Amino acid sequence: MKTKTHALSFDGMGEEQLPIPKHKLHGWTHFMGLYAGEHVAATEFVIGATFVAMGAQIMDILLGLLIGNILAILSWTLITTPIAVETRLSPE
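Owing to the predicted nature of the structure, the values given are computational and were not obtained by experimental measurement.

A. Representation of the environment of Thr81 in the model. By secondary structure assignment, the location of Thr81 is in helix 3 (residues 58-89). Judged by its relative accessible area of 36%, Thr81 is partly exposed. A polar contact of 2.6 Å, which involves the side chain of Thr81, links it to the backbone oxygen of Trp76.

B. The arrangement of the environment of Ile20 in detail. Examined against the element boundaries, Ile20 turns out to sit in the segment before helix 1 (28-40). C-alpha of Ile20 to C-alpha of Val85: the two residues are 65 residues apart in sequence and 9.2 Å apart in space.

C. Local environment of a nonpolar patch on the surface. Judged by side-chain polarity, Leu63, Leu66, Ile67, Ile70, Leu71, Leu74, Leu78, Ile79 and Ile83 come together as a nonpolar surface patch covering roughly 880 Å² of accessible area. Along the chain, Ile67 turns up in helix 3. Owing to a relative accessible area of 44%, Ile67 belongs among the partly exposed residues under this scheme.

D. Representation of the confidence of the model for the protein chain within the structure. With 76% of its residues at a pLDDT of at least 70, the protein chain reaches an overall mean of 76. Considering each helix and strand of the protein chain separately, the mean pLDDT is smallest for helix 2 (residues 43-53), with a value of 72, and largest for helix 3, with 85.

What counts as what
Residues numbered from 1 in each chain as written. Predicted model: local features only at pLDDT ≥ 70, side-chain atom pairs only at ≥ 80, totals over all residues. Heavy atoms only, no water. Helix = DSSP H or I, 4+ residues; strand = E, 2+ residues; numbered from the N terminus. Buried < 20%, exposed > 50% of the residue type's maximum accessible area, 1.4 Å probe, protein only. Polar contact = N/O pair within 3.5 Å; in protein donor to acceptor, adjacent residues only side chain to side chain. Patch = residues over 30% accessible without salt bridge, like charges linked within 9 Å, V, L, I, M, F, W, Y side chains within 5 Å. Areas by Shrake-Rupley, 256 points an atom, 1.4 Å probe, with all protein chains shown as cover. Salt bridge = Lys/Arg side-chain N within 4 Å of Asp/Glu carboxyl O. pLDDT = per-residue confidence, 0-100.

Right, here's the structure in full:
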């Protein structure tokens, strides 16, 4: 049985369509640092302070922040990232 090989030509592709080189990929710690720097800093602290002022307990707020951030990380990791990588590596 013959196998067909398709050679990809990167000549006509824009930079945003090229695959990311292995040496430029970062690990999960880099992702966690970027995520914390962008998302945890402002919104959660403002909302948390509002809940405290309205009578919520600190443990309820911390548990809510923990669950919310875990769900956000899982949605980025399991839904958004695979779509972005597939789109980035598609030859069109």
